[in-house]
Amino acid sequence: MSEYENMRTADIVAEALIDWKVDVIFGLPGDGINGFIEALRLRQDKIKFVLVRHEESAAFMACAYAKYTGKLGACVATSGPGAIHLLNGLYDAKADNTPVIAITGTTYSDLMNSSYQQDVNLLQLYSDVAVYNDMISVPEQAEMAVDIACRTALAQRGVSHLTIPIDVQEKKLNGKYSRHNVAYHTSDVYVAETIPSHSLIEKAAKILNAGSRIVILVGQGALWAGEEVIVVAEKLDAPVVKALLGKAVIPDDNPYSLGGLGLLGTEPSSDAMSEADTLLMVGTSFPYTDYLPKPGQARGIQIDIKPEKIGLRYPVEIGLVGDSKLILSALLPLLNQKDNQEFLKSKQKAMKNWNRLLEEQSTRTDKPIKPQVIAKAVSDELDDNAIISVDCGTDTSWAARHIDIRKGMKFSLSGTLSSMANGLPYAIAAQIAFPERQCIAFVGDAGLTMLMGEFATAVQYNLPIKVIVIKNDTLGMIRWEQMGFLGNPEFGVEFTPIDWVKFAEACGGKGYDIKEPNEVKSKMHQAMKERRPTIVEAYVDPFEPPMPPKVEMSFVNNLAKSFAKGQPYTRRIGLTLFRDQVHKSLRNIHSHSIKGD
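Just so it is clear, the model here is predicted, and its values are computed rather than measured.

Asks: Can you walk me through helix α15 (residues 394-402) in this structure?
Replies: Each full turn of the α-helix corresponds to 3.6 residues, which orients residues three or four apart in the same direction. Within α15, nine of the nine residues are buried, which leaves it mostly tucked inside the rest of the structure. Buried within α15 we find T394, D395, T396, S397, W398, A399, A400, R401 and H402.

Set out below in structure tokens:
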């Protein structure tokens, strides 16, 4: 006799999810999924349902929950519009190789494809985003479908989707299995540990032992292998470059860290890549191949859990498929201790110079306040185990460079999809996963506007998240892309302002505004001590550019073209660029101080 005997389909699905250790599910009820919602109501002691204001947020939260905990993320939505709304957050999970299961409702099984209300072909709609995509049509199918969906999402690091017709949710299991479907044959067992053959690891070690200018590039797949990365770096005298999703792999102040790579990265990391003769990629599918060594320049080794990612970005000689922590541990005894630190020391010296530049940028006393100053103030207030969730836009630049990650912290964002609006839902998920830890959302005002209602969710669940808003009333990154990449004047990038302090208070939270340079440290410190949901609205210079680590002439020429075509604010932009260059040139011979701080 099965534990599921005479249970409704919805109850079987809920019990099977619990067997897979799903303990939180984010979503919105609706008549298309209310049978399953009732199953969740009856199991509140085993699985927490978090009510959101928008289904897109539910999917973002499920993705973030999986990223921060290593567990399977879960979200739920009703049929039609609810299920459609999930998609952006689910694509975030797909793009960042994050295991999430989405449960949706669909219309009555005998009314499908009849233009009935909210009838959407969800299997077709989800066919691209999901690694497993199925409809549960009878109770006898439910346990097996959930087991396959959960196992597939975990194994393939992707999204699984199950949709259940309204009437099927209420049907009870009565043992009417088909002849070849042996009752209760499925299981909730998943084996995660994978490692390649020892001979392949030996070949990789030989390549690394032969290199003299080795660079290690780490990403999200190395987050649980930080100690191993550091030990390998010490053995090989190899600097470590971090993709943005891998920012928390090793601390930013570690002597082997060269910071990030790409437009948001550091000059030393770009130089290291251009000089490397060997590249070890660990758990990363860094997309900007123009920042990697030129093909043929360096011998490549890649460690990744997904076989299809091997050789995707760089023509590697050896691909090691499996868990980064296990593989690095197996590789370490085979590595020879390097005795020539010339390459490493040159990059460490360059990093000291780069950090002096960042210090200069983050201590400016200009008004309007420079956004780098706000990011540094946030960094200074972080607990040792803080969790930082960042939105996408110019705020990403300031966070990438000026928020320092220490050992024990977590950091994430919508890395590959680079979707705006993820920062606030990510922080909510982090606080639910880790109630005692400091959880920060570092966002732009445009991204926050998209899903601002979720601040009320934080209030409803009494989650003391801190939302730092870089307020410039502008789509800042798009402004600079229009000008610097295309040579066009900005267009369609300015918003009317929102009073975020009043908004926070209207939702039942606390709000602070920062308008003067001498308020930054004191107000940030005060806000961070609040024990309720809090928004810090920081008025910043809207014309501060998120400059790449090395400015190409094409960027300068495109700015000139945009000016010639009628770019507004040319005088203010020109003055800002001039002042920034002066400060950069004089960074070693002056310092900043603010009265009142």
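Asks: I keep staring at the packing of aromatic side chains and nothing clicks. Help me out?
Replies: The geometry of an aromatic ring pair is captured by the separation of the ring centres together with the interplanar angle, meaning the angle of the planes. By the definition in use, this model includes eight aromatic pairs. Taken together, a centroid distance of 6.0 Å and an interplanar angle of 65° make the contact between F26 and Y65 edge-to-face. Of this pair, F26 sits in strand β1 (residues 24-27) while Y65 sits in helix α3 (residues 55-69); the two residues are 39 residues apart in sequence, bridging distant segments of the chain. Given a relative accessible area of 4%, Y65 falls into the buried group. Clustering of aromatic rings is evident, with ring pairs tying together F60, Y68 and Y426. Geometry around F411 places K247 over its ring, the cationic atom sitting 5.8 Å from the centre.

Asks: Which parts of the structure should I look at to understand the pattern of salt bridges?
Replies: As a working rule, side chains carrying opposite charge can pair if their charged atoms are close by. Taken as a whole and judged by the stated rule, the model has 30 salt bridges. The shortest N-O distance in the salt bridge between K550 and D271 comes to 2.4 Å. On the criterion of sequence distance, the pair formed by K550 in the loop between β18 (534-539) and α22 (553-564) and D271 in helix α11 (residues 267-275) is long-range, its members being 279 residues apart. For the salt bridge of K370 with E544, the shortest nitrogen-to-oxygen distance reads 2.6 Å. Taken together, the positions of K370 in the loop between α13 (342-361) and α14 (371-380) and E544 in the loop between β18 and α22 put the pair 174 residues apart, joining distant regions of the chain. Taken together, the salt bridges that share partners define one network made up of R8, D11, E15, R43 and E170.

Asks: Would you mind going over the sheet that holds strand β2 (residues 48-51) with me for this structure?
Replies: Sheet strands pair by backbone hydrogen bonding; their relative direction is either parallel or antiparallel. Strand order in this open sheet of six strands is β2-β1-β3-β4-β6-β5, and the pairing throughout is parallel. Edge positions in the sheet fall to β2 and β5 (130-135), since each has one partner strand and no second. Neighbouring strand axes in the sheet, compared pairwise and without regard to direction, differ in orientation by 20° on average. Pairing of β1 with strand β3 (residues 73-77), which is carried by two bridges, proceeds in the parallel orientation. Considered in β3, the bridge of G27 is made with V76. Taken strand by strand, helix α7 (residues 139-156) contacts β4 (100-106), β5 and β6 (159-165), and its axis lies near 170° from that of β5.

Asks: Mind showing me how you'd approach the nonpolar core here?
Replies: It is characteristic of soluble globular proteins that their nonpolar side chains tend to be buried jointly. Judged by nonpolar contacts, the single largest core of 53 residues is most densely connected at F26, C75, L86, L90, I465 and V467. Among residues more than four places away in sequence, those in contact with V467 are L424, A441, V443, L448, F455, T534, I535 and V536. Among the nonpolar cores identified, the runner-up in size contains 36 residues, and I12, V13, W20 and A145 belong to it.

Asks: Would you explain a nonpolar patch on the surface in this entry?
Replies: Among the surface-exposed residues, L263, F485 and L486 lie close enough to one another that they form a single nonpolar patch of about 300 Å² accessible area. Checked against the element boundaries, F485 lands in the loop between α19 (476-484) and α20 (500-507).

Asks: What am I meant to see in the packing of helix α10 (residues 226-236) against helix α12 (residues 324-331) here?
Replies: Pairs of packed helices are described in terms of their axes, by the angle between the two and the distance that separates them. Taken N-terminus to C-terminus, the directions of α10 and α12 make an angle of 30°; their axes are 9 Å apart at the nearest point. Taken as axis vectors, α10 and α12 run roughly parallel relative to one another. Considering the relative orientation of α10 and α12, their crossing is left-handed. Mapping the contact onto sequence places E228, V229 and V232 in α10 and K325, L328 and S329 in α12. For the contact of α10 with α12, a count of residues per class yields three nonpolar, one polar and two charged.

Asks: Teacher, can you tell me more about the side chain of D366 here?
Replies: As for its placement among the helices and strands, D366 is situated in the loop between α13 and α14. Only 2.8 Å separates the side chain of D366 from the side chain of R364, close enough to count as a polar contact.

Asks: Quick question: what am I supposed to make of the sheet that holds strand β12 (residues 318-321) here?
Replies: Taken in spatial order, the six strands of this open sheet run β9-β8-β7-β10-β11-β12, and their pairing is parallel. What marks the edges here is a single partner per strand, and that holds for β9 (257-260) and β12. Across this sheet, the average inter-strand angle for adjacent strands is 15°, counted without regard to direction. As judged from the two bridges shared by strand β8 (residues 240-242) and β9, these two strands associate in the parallel manner. The residue of β9 that forms the bridge with K242 is G260. Of the strands in this sheet, β7 (214-218), β10 (278-282), β11 (299-304) and β12 are in contact with helix α9 (residues 198-210), which crosses β12 at around 130°. Here α12 sits on the sheet in contact with β10, β11 and β12, set at roughly 135° to β11.

Asks: Quick question: what am I supposed to make of α14 here?
Replies: Counting buried positions over the ten residues of α14 gives eight, a clear majority of the element. Every buried residue belonging to α14 is among P371, Q372, V373, I374, A375, A377, V378 and S379, and all of these are buried.

Asks: Would you explain the pairing of strand β16 (residues 466-471) in this entry?
Replies: Every regular strand shows the same layout, with side chains that alternate between the two sheet faces. Burial analysis of β16 places six of its six residues in the buried class, the great majority of the element. Neither face of β16 is open: one carries K466, I468 and I470, the other V467, V469 and K471, and all of them are buried. Across six bridges, the pairing between β16 and β18 is parallel. Bridge assignment links V467 to a residue of β18, and that residue is I535.

About the criteria used
- Residues numbered from 1 in each chain as written.
- Predicted model: local features only at pLDDT ≥ 70, side-chain atom pairs only at ≥ 80, totals over all residues.
- Heavy atoms only, no water.
- Buried < 20%, exposed > 50% of the residue type's maximum accessible area, 1.4 Å probe, protein only.
- Helix = DSSP H or I, 4+ residues; strand = E, 2+ residues; numbered from the N terminus.
- Phe/Tyr/Trp six-rings, centres within 6.5 Å; stacked < 30°, edge-to-face > 60°.
- Lys NZ or Arg CZ within 6 Å of the ring centre and 35° of its normal.
- Salt bridge = Lys/Arg side-chain N within 4 Å of Asp/Glu carboxyl O.
- Pairing = 2+ DSSP bridges.
- Axes fitted to C-alpha atoms, helices over the stretch in contact; angles between N-to-C directions.
- Contact = heavy atoms within 4.5 Å.
- Core = buried A, V, L, I, M, F, W, Y, C linked by side-chain atoms within 4.5 Å.
- Patch = residues over 30% accessible without salt bridge, like charges linked within 9 Å, V, L, I, M, F, W, Y side chains within 5 Å.
- Areas by Shrake-Rupley, 256 points an atom, 1.4 Å probe, with all protein chains shown as cover.
- Parallel < 35°, antiparallel > 145°, perpendicular 65-115°, else oblique.
- Left-handed = near helix turned anticlockwise from the far one by under 90°.
- Nonpolar A, V, L, I, M, F, W, Y, C, P; charged D, E, K, R; others polar.
- Polar contact = N/O pair within 3.5 Å; in protein donor to acceptor, adjacent residues only side chain to side chain.

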